[in-house]
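Residues per chain, in single letters:
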Amino acid sequence: MSETIESLKCLIIGSGPAGYTAAIYAARANMNPVLYQGTQPGGQLTTTNEVENFPGYPEGVTGPEMMLELKAQAERFGSDVRDGWITKVDFSGDIHKVWVNGTKEIHCETVIISTGASAKYLGLESEQKYLKLGGGVSACAVCDGFFYRNQEVVIVGAGDSACEEAHYLSKLCSKVTMLVRRDVFRASKIMANRVINTENIDIMFNTETVEVIGDGQLVTGVKVRNNKTGSEVDIEATGFFVAIGHKPNTDIFKDFLKLDETGYIINEPGTSKTNIPGVFVSGDAADHVYRQAVTAAGTGCMAALDAERYLAAKEV
Ligand code: NDP
């Protein structure tokens, strides 16, 4: 039997900088927000090592530490932060219905979506096999790098994430081989230079992964191909890290909200409004351009203010 239906003024889905900032603003506006944390409490930043570019932290701060502070700040004003995963929504009526963990039903006057994005994988069979086995494939160097101390690892990707993670791994591992599919980095100059100038990072340009090699349980290497010459080589490695970008976590909204071709929620320009009145979006779920903690926080603030104005207009 399902539990009693709960009614809320403001539900926030997701616990990254966007969600917590929305919670801070919504709580201070007496909207009694409830925030569901999802499966990765704290969001992507909990997998980031040092955050050096969030204003107000001149010495930098670790991602997990910053998220704990944001959570505490949201709770200080009365936000109700809960464990739970939103599994289904129904935005077809005036009251927005949401289900938690497939059972608990909540009726919301406003919903703020801050579900962020998730790491992408190459999709190779061997990659998925060792990922599922927990045998040496990871999309989070900060989470898993520790397990590969003094070992040789491979990382694929050429963006800021890949550079940040390769650099992080270089401090733990004896050697990091970085696979870049084009002959240039996508990453910013400063991040790319950090990698280029690190002695134990070996960069292979124009190189793609053919397969992850293993003994059936654990990764032992990676077969790669130079896409200019076609030559293949096996690299010895016990860890295979994937850092090739992210996919927005918006699947459960696709029947109700307008999404772009990659799944990012389309918001009304300059606002957090979606195509459904009372449903707002903030953070990476709608942002494939900036994707920064500080921009996510900014749009979280916008979503709470937009939700507050929406509620105020309904009361008149
Ligand atoms: P990006 O989308 O910027 O980069 C993804 C990288 O993965 C690209 O180099 C891309 O190659 C490569 N790639 C994608 N698919 C494949 C594939 N199938 N095989 C091999 N390589 C592949 O994602 P990031 O996660 O790096 O960054 C996302 C955003 O977050 C960016 O705006 C970035 O600036 C920001 N960021 C900022 C940080 C900071 O400032 N501290 C840290 C981390 C991220 P190609 O270049 O050929 O397309």
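Everything quoted here is computed from the prediction, not taken from an experiment.

Observations regarding helix H5 (residues 160-170)
Piece 1. Of the positions making up H5, those classed as buried are Ala162, Cys163, Glu165, Ala166, Tyr168, Leu169 and Ser170.
Piece 2. The inward-facing, buried residues of H5 abut helix H4 (141-144), strand E11 (152-156), strand E12 (175-179), helix H6 (189-196), strand E13 (201-204) and strand E17 (239-242).

A look at the domain arrangement of the chain
Piece 1. Domain boundaries in the chain define domain 1 (5-118 + 246-315) and domain 2 (121-242).
Piece 2. Placing a centre on the C-alpha atoms of domain 1 and another on those of domain 2 gives a separation of 32 Å.

Here's the deal with the pattern of salt bridges
Piece 1. What the rule picks out here adds up to eight salt bridges.
Piece 2. Note that Asp251 and Lys247 form a salt bridge whose closest N and O atoms lie 3.2 Å from each other.
Piece 3. Of the residues examined, Lys247 reaches a relative accessible area of 38% and is grouped as partly exposed.
Piece 4. When salt bridges with common partners are traced through the structure, they connect Glu6, Asp80, Arg82 and Lys104 into a single cluster.

So, the site of the ligand
Piece 1. In the region of the ligand, 19 residues are neighbours, and Asp160, Ser161, Arg181, Arg182 and Arg186 sit closest.
Piece 2. Here an oxygen atom of the ligand and a side-chain polar atom of Arg182 are 2.8 Å apart.
Piece 3. Arg186 is positioned with one of its side-chain polar atoms (N or O) 2.6 Å from an oxygen atom of the ligand.
Piece 4. Protein coverage of the free-state accessible area of the ligand, which is 920 Å², stands at 77%.
Piece 5. Here the residues of the shell around the ligand are counted per class, giving six nonpolar, seven polar and six charged.

A closer look at unusual backbone geometry
Piece 1. Even without being glycine, Asn30 reaches a positive phi, approximately 60°.
Piece 2. By relative accessible area, which is 57% here, Asn30 ends up exposed.
Piece 3. One non-glycine residue with positive phi stands out, namely Asn150, at about 60°.
Piece 4. Inspection of the secondary structure assignment puts Asn150 in the loop between H4 and E11.

A look at the environment of Ala192
Piece 1. The topology assignment puts Ala192 in helix H6.
Piece 2. Classification of Ala192 by relative accessible area gives buried; the value is 7%.
Piece 3. With residues up to four places along the chain from it excluded, the contact list for Ala192 reads Cys163, Phe185 and Ala187.

What counts as what
- Residues numbered from 1 in each chain as written.
- Predicted model: local features only at pLDDT ≥ 70, side-chain atom pairs only at ≥ 80, totals over all residues.
- Heavy atoms only, no water.
- Buried < 20%, exposed > 50% of the residue type's maximum accessible area, 1.4 Å probe, protein only.
- Helix = DSSP H or I, 4+ residues; strand = E, 2+ residues; numbered from the N terminus.
- Contact = heavy atoms within 4.5 Å.
- Domains from an automatic or database assignment.
- Salt bridge = Lys/Arg side-chain N within 4 Å of Asp/Glu carboxyl O.
- Near = heavy atom within 4 Å.
- Polar contact = N/O pair within 3.5 Å; in protein donor to acceptor, adjacent residues only side chain to side chain.
- Areas by Shrake-Rupley, 256 points an atom, 1.4 Å probe, with all protein chains shown as cover.
- Nonpolar A, V, L, I, M, F, W, Y, C, P; charged D, E, K, R; others polar.

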